[in-house]
Amino acid sequence: MHPLTSDDIRASFINASKREAALAASAARLDGVAWERLDIFGWTDPKNPLVTSVVIPVDDVPVGILLRTSTTKPKKTMCALCEDIIAVDNVRLFAARLAGAPGRQGNTVGTLLHTDLSCSAHVRRAPNTMEGKADPEGFIARRIGVLHSNAERFARRVMGE
Ligand SMILES: [Zn+2]
């Protein structure tokens, strides 16, 4: 994805108040981020560990989404974004307030995500024997495509599309 500045991130939020967006953007650590290896950019505010943010490119426009989780233990289940069958630990149910008026009325969408939004790394792992050792590059390219389309679909749900 294209590199983001703190200002880009603050302006990208679709389901946060100005104050929430500023707080979330200020918690993002941008030093040394390998943007070329990321399809989505996510982080958790260390001062508020139940609030996680993710920026998803939709038609090349960064869309920031504020997510909330609970203190329940992570589940052993599949992440809805990267769909990795190996990295099934550390997946949590997150809720995102919808953008605009529906969100202000308390409507949310829920999804299972890697707690640390490490999905971009999971789709870049080498395939195991069952997954097709013959064509690792094709395997990785397909999985990056899956992450892109799942992430974009999720962002559009939050936008109310
Ligand atoms: Zn994931």
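Okay, so let's go over this structure. (Residues numbered from 1 in each chain as written. Predicted model: local features only at pLDDT ≥ 70, side-chain atom pairs only at ≥ 80, totals over all residues. Heavy atoms only, no water.)

Distances from the zinc ion to its protein donors, namely Cys79 (SG), Cys82 (SG), His114 (ND1) and Cys119 (SG), fall within the range 2.1 to 2.4 Å. Coordination at the zinc ion is tetrahedral: its four donor atoms span angles of 96 to 120° at the metal. For the zinc ion, the donor residues sit on a single chain with the sequence spacing C-x2-C-x31-H-x4-C. Of this pair, Cys82 sits in the loop between strand E3 (61-68) and strand E4 (91-97) while Cys119 sits in helix H4 (residues 119-122), and the two are 37 residues apart along the sequence. Just as Cys82 is buried, Cys119 falls in that class too. (Donors = N, O, S within 2.8 Å, 3.2 Å for Na, K, Ca; no water. Tetrahedral: all angles 85-135°; square planar, octahedral: opposite > 155°, others 65-115°. Helix = DSSP H or I, 4+ residues; strand = E, 2+ residues; numbered from the N terminus. Buried < 20%, exposed > 50% of the residue type's maximum accessible area, 1.4 Å probe, protein only.)

In terms of nonpolar packing, the biggest core is built from 25 residues, with Ile40, Ile56, Ile65, Leu67, Leu81 and Phe154 touching the most fellow members. Sorting the residues of this core by element identifies strand E2 (48-58), E3, E4, strand E5 (108-114) and helix H6 (136-158) as the ones contributing at least two each. Sorting elements by how many residues they give to this core places H6 first, with six residues. In this structure Ile65 touches Phe13, Ile14, Asn15, Thr52, Ser53, Val54, Ile56, Ala96, Phe154, Ala155 and Val158, once residues within four positions along its chain are discounted. Core analysis: the next-biggest nonpolar cluster, separate from the first, contains 16 residues, Ala24, Ala27, Val51 and Val55 among them. (Core = buried A, V, L, I, M, F, W, Y, C linked by side-chain atoms within 4.5 Å. Contact = heavy atoms within 4.5 Å.)

It is worth spelling out the pattern of salt bridges at this point. Scanning the entire structure with this criterion turns up eleven salt bridges. Here Lys76 and Asp89 are joined by a salt bridge, their closest N and O atoms 2.8 Å apart. Separated by 13 residues along the polypeptide, Lys76 in the loop between E3 and E4 and Asp89 in the loop between E3 and E4 bring together distant segments of the chain. We note a salt bridge from Glu152 to Arg156, for which the minimum N-O separation is 3.1 Å. (Salt bridge = Lys/Arg side-chain N within 4 Å of Asp/Glu carboxyl O.)

Position of Arg92 among the secondary structure elements: in strand E4. Within the buried set, Arg92 has no salt-bridge partner at all; the shortest N-O distance to an opposite charge, 9.5 Å, is to Asp116. (Lys, Arg positive; Asp, Glu negative; His and termini not counted.)

Across the sheet, which stays open at both edges, the five strands sit in the order E1-E2-E3-E4-E5 with antiparallel pairing between neighbours. Two strands lie at the open edges of the sheet, namely strand E1 (41-45) and E5, each paired on one side alone. Ignoring strand direction, the axes of neighbouring strands in this sheet form an average angle of 35°. In the sheet, E1 pairs with E2 via five bridges, with the strands oriented antiparallel. Counted as the bridge partner of Thr44 is Thr52 from E2. In the packing of helix H2 (residues 18-27) onto the sheet, contacts are made with E1, E2, E3 and E4, and the angle to E1 comes to roughly 100°. Each of E2, E3, E4 and E5 touches H6; the most contacted strand, E2, lies at about 110° to it. (Pairing = 2+ DSSP bridges. Axes fitted to C-alpha atoms, helices over the stretch in contact; angles between N-to-C directions.)

Looking now at unusual backbone geometry. With a phi angle near 65°, Asn90 is a residue other than glycine that sits in the positive phi range. The residue Asn90 is located in the loop between E3 and E4 in this model. Relative accessible area serves as the criterion here: at 33%, Asn90 is assigned to the partly exposed category. Even without being glycine, Leu117 reaches a positive phi, approximately 50°.

Bringing H2 into the picture now. Taken residue by residue, H2 has Glu20, Ala21, Ala24, Ala25 and Ala27 as its buried positions. Each buried residue of H2 sits inside an arc of 160° when the element is viewed along its axis, so together they form one side. Away from its buried face by more than 90 degrees, H2 exposes Lys18, Arg19 and Ser26. Check the buried side of H2 and you find it contacts helix H1 (6-12), E1, E2, E3 and E4. (Arc of directions from axis to C-beta.)

Everything listed is a geometric property; what it means functionally is a separate question.
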